[in-house]
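Chain by chain, the residues run as shown.
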Amino acid sequence: MKKLNLRRHFSWDSVFTKTFYGMLGLSVSVVLIFYLVLNSTLAQHQREQIAATNLNSLRLAASSVELTVDALSQGMTQIMWNSDFVGYMVVPTQQKQELHYRICQQLKNVVSSSRLLSRAYFYSPFNDLVFQNSDALLDRKTMADRELLQAFESMEWEDSFSSAKTRTHLFHYSGRLFLFRSHLLQGRCVFYITGRNGKPVL
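Residues numbered from 1 in each chain as written. Predicted model: local features only at pLDDT ≥ 70, side-chain atom pairs only at ≥ 80, totals over all residues. Heavy atoms only, no water.

### A look at the pairing of strand β5 (residues 176-183)
And step 1. By the criterion of burial, β5 is predominantly enclosed, with seven of the eight residues buried.
And step 2. By the bridge criterion, eight bridges tie strand β4 (residues 166-173) to β5 in an arrangement that is antiparallel. Counterpart to T168 in the pairing with β5 is R181.
And step 3. Following β4, the chain reverses through two residues before pairing antiparallel with β5; S174 in that reversal takes a positive phi of roughly 55°.
And step 4. Strand direction decides the pairing type here: β5 and strand β6 (residues 187-193), joined by seven bridges, are antiparallel. The residue bridging F180 from the neighbouring strand is V190, located in β6.
And step 5. Taking the residues that link successive antiparallel strands as the turn, the β5-β6 hairpin has three residues, and the phi of Q186 there is positive, at about 65°. (Buried < 20%, exposed > 50% of the residue type's maximum accessible area, 1.4 Å probe, protein only. Helix = DSSP H or I, 4+ residues; strand = E, 2+ residues; numbered from the N terminus. Pairing = 2+ DSSP bridges.)

### Comments concerning the sheet that holds strand β1 (residues 117-123)
To summarise the sheet geometry, strands pair through backbone hydrogen bonds and adopt either a parallel or an antiparallel arrangement.
And step 1. Here we have six strands laid out as an open sheet, ordered β3-β2-β1-β6-β5-β4, and antiparallel in their pairing. Two strands close off the open sheet at either side, each with one partner strand: β3 (138-139) and β4.
And step 2. Bridging between β1 and β6 involves six bridges; their strand directions are antiparallel. By the bridge assignment for β6, R119 is matched with Y192.
And step 3. Contacts between helix α3 (residues 83-90) and the sheet are confined to β1, β2 (129-132), β5 and β6, with β1 contributing the most and set at about 40° to the helix.
And step 4. Packing against the sheet, helix α5 (residues 146-154) makes contact with β1, β2, β4, β5 and β6, and its axis sits at approximately 125° to β4. (Contact = heavy atoms within 4.5 Å. Axes fitted to C-alpha atoms, helices over the stretch in contact; angles between N-to-C directions.)

None of this, on its own, says anything about what the molecule does.
What follows is the structure, given as structure tokens:
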């Protein structure tokens, strides 16, 4: 009986060994390529899903911001058509303490009734006096936010006034978000949009 010489068949120089390891290497390469392609495809699909989710979140956030700005703008329009505000815009140089007090009180009521606002200003470009949501009056040239008002006034706004004789601008300045409402009678109402904890909510 003839014995099978395994050492001869499995020697490194034999055709069988070279063929075996060649097929093994090819199989490993195919599996590795398949894994890389599959992993790349899954990663791309995951990135697309994340991008779609983020886009939907941004759309919802944008819609929420738009509704919030619209609601605040309507409130600003109502307050700026108040007789006290209109009276001051018509004659911004008048010095009536009772009128000044009522304007500050209305600004205070607006801020206290909204969780989005922490500050409100009202002023006329023809006067340096600035009303705020407290009893203290400010000077537009020395107030803490004077650069904000200067930056807004220096912008060239091309949009026209609405049917309510007002126009609204969302203004981002120094990492803060402000809502400006301008009246045809040359009055400015400014809302600082933030949370009660000092963190932006939009």
